[in-house]
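Results of the structural survey
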Amino acid sequence: MFVPIRASAQKASFWRQLHTAINVSRPAQAHYNVVFDIDGVLIKGKQLIPQTQRALQLLKENNVPYIFLTNGGGVRESEKADQLTKKLGIPVSPDQLVLSHTPMRSLSKKYRDSNVLVVGGKGSDCRRVAEDYGFHQIVTPEEVHAAYPSVCPISFCEARPVPLTEPHLKNVNKPVEAVMVFHDSVDWGRDLQVSLDALVSQGGKLGTIKDTDELHTTKQSVPIYFSNPDVVWSNEYPVPRFGQGTFKMCLEKIYQHLTHQDLESITFGKPMTTTYQYAESVLDNIAPLQKDINGQVQKRTVYAIGDNPYADIAGANDYGWNSVLVKTGVFRPQGGENHHVHPATAVVGHVEDAVRWIIAREQMKL
């Protein structure tokens, strides 16, 4: 259909105005990023902390990229993203998530075809995580217990709607080549016992043990990895609960008592540098660094919001990020004081206060 020149010009002017209005209503992507802890910051147990949705809305309004960095886990990143999407009421992508065991994906290059004892989590959840990461040979303490109930007679075999089948039990009698604690244990007695069995065994063969001289003079039989060092974490219970770090302390103490040697291990999660390096790569993917007018890549400014001074704040401080400590989780000061060992850049009441402080601080720089 023929359109008069005047009408066409008016239409073009309309679209220019609309485009301008859209650009005005949605600012350019912020040059800074926010990294959220989850438990004790956004969620407490099964409950959403009241200020969470407003905090996320403020970031959306100001076009601030953000990710989630947690010492939680026990499920695949895609499953955790689905859980957060439902709880937070906003779309969450697996690409925005770094769980405690996410950096352990890199271990699959070394242990792809090794028989790995995967510890922690409910049922076979962590087995599925390990399989997703590329580990091909896996055995769990539950599977060992199912095959040999006397391995831990004080524990009950987990009730399952579908019993463990032969494919799940095929690696029980193979030598263990590494122990990987992916998540918090649901049966400490069983998991401590089976993990220790592997550490003091003859060549990783469960059901064997080194002689006394070997126990006291040689290193542990297999390497062990932990996904995080959290001694405590916060849920809806009034006071913090034991975390994987406490399990690690128990295992170290038992090993030292039996062997008179210190247990050697590698730990991921916050506050470990490797986890922050991984988080940095995630930020690079979702919010690539911009160049200034001289063509130089700008330095990334990151604010980490957390509730645990020994994990969230210590890790952020050591890595050169800004840290914001909230009072809705592990950290419970008497007044407005900062933490005495790992002081944060700022201490605020809750996550919305944290986001408002961050935005105000960055706007003052403009």
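These figures come from a predicted structure and were not determined experimentally. Residue positions are given per chain, counting from 1 as you read along its sequence in written order. Two thresholds apply to this predicted model, a pLDDT of at least 70 for residue-level local features and 80 or more for giving and counting side-chain atom pairs, whereas whole-chain, interface and lining totals are computed over all residues. The basis for the side-chain values is all heavy atoms of the structure; hydrogens and waters are excluded.

What follows deals with the overall build of the protein. Comment: elements are numbered from the N terminus, with helices defined as DSSP H or I runs of at least four residues and strands as E runs of at least two. Of the regular secondary structure elements, the protein holds 13 helices and 15 strands. Overall size of the protein, expressed as C-alpha extent along the three principal axes, is 95 × 60 × 40 Å. Burial classes: relative accessible area under 20% of the type maximum marks a residue as buried, over 50% as exposed, and values in between as partly exposed (1.4 Å probe, protein chains only). Taken across its 366 residues, the protein has 48% of its residues classed as buried. Pairs at least 24 residues apart make up 67% of the contacts formed inside the protein by residues separated by at least 6 positions. Here, Shrake-Rupley sampling with a 1.4 Å probe gives the accessible areas, and only protein chains in the shown set may cover a residue. Counting only carbon and sulfur atoms, one obtains 55% of the accessible surface of the protein, whose full area is about 18500 Å². Throughout, a residue-residue contact means that at least one pair of heavy atoms, one from each residue, lies within 4.5 Å.

Our next topic: the sheet that holds strand 4 (residues 66–69). On the basis of which strands lie adjacent, the open sheet formed by 6 strands has the order 5-4-1-13-14-15 and parallel pairing. Two strands bound the open sheet, and with one partner strand each, they are strand 5 (97–98) and strand 15 (346–348). Alignment of strand 14 (residues 322–326) against strand 15, held across 3 bridges, turns out to be parallel. By the bridge assignment, Leu325 is partnered in strand 15 with Val347. A pair of strands is labelled paired if DSSP reports no fewer than 2 bridges between them.

Chain-level pLDDT for the protein is 91 on average; 90% of the residues reach the 70-or-more range. By definition, pLDDT measures how confident the predictor is in each residue, and it falls between 0 and 100. Every residue in residues 1–24 scores below 50 in pLDDT, and together they form 1 contact with partners more than four places removed in sequence or on other chains.

Let us now look at the environment of Val302. With respect to the helices and strands, the residue Val302 is situated in strand 13 (residues 301–306). For the pair Val302 and Glu280, spaced 22 residues apart in the sequence, the C-alpha separation amounts to 9.4 Å. What Val302 contacts, discounting residues up to four positions off in sequence, is Asn33, Val35, Leu283, Trp321 and Asn322.

Here we come to the pattern of salt bridges. Pairs can form between side chains of opposite charge whenever their charged atoms are close. A side-chain nitrogen of Lys or Arg and a carboxyl oxygen of Asp or Glu constitute a salt bridge if their distance falls within 4 Å. Inspection of the entire model under this criterion finds 15 salt bridges. Here Glu131 and Arg127 are joined by a salt bridge, their closest N and O atoms 3.1 Å apart. One end of the pair, Glu131, and the other, Arg127, are both in helix 5 (residues 125–133), 4 residues apart, so they sit about a helical turn from each other. Looking at Glu131, the relative accessible area reads 41%, which means it is partly exposed. In this structure Arg127 comes out as buried when scored by relative accessible area, which is 8%. Salt bridges linked by common partners bring Asp37, Lys270 and Asp312 together as one network.

This part takes up the nonpolar core. The nonpolar core is taken to be a set of buried Ala, Val, Leu, Ile, Met, Phe, Trp, Tyr and Cys residues, with the residues joined through side-chain atoms within 4.5 Å. Counting residues in hydrophobic clusters, the biggest one holds 32 residues, and the most contacted among them are Val34, Phe36, Phe68, Leu84, Ile305, Val324 and Val355. Secondary structure elements with two or more residues in this core: strand 1 (32–36), helix 2 (52–61), strand 4, helix 3 (77–88), strand 13, strand 14, strand 15 and helix 13 (351–363). The biggest single contributor to this core is helix 13, with 5 residues. Ignoring sequence-local partners within four residues, the contact set of Val355 consists of Phe36, Ala55, Leu58, Leu59 and Ile305. Judged by nonpolar contacts, the second largest core, of 25 residues, contains Val172, Leu196, Phe247 and Leu263.

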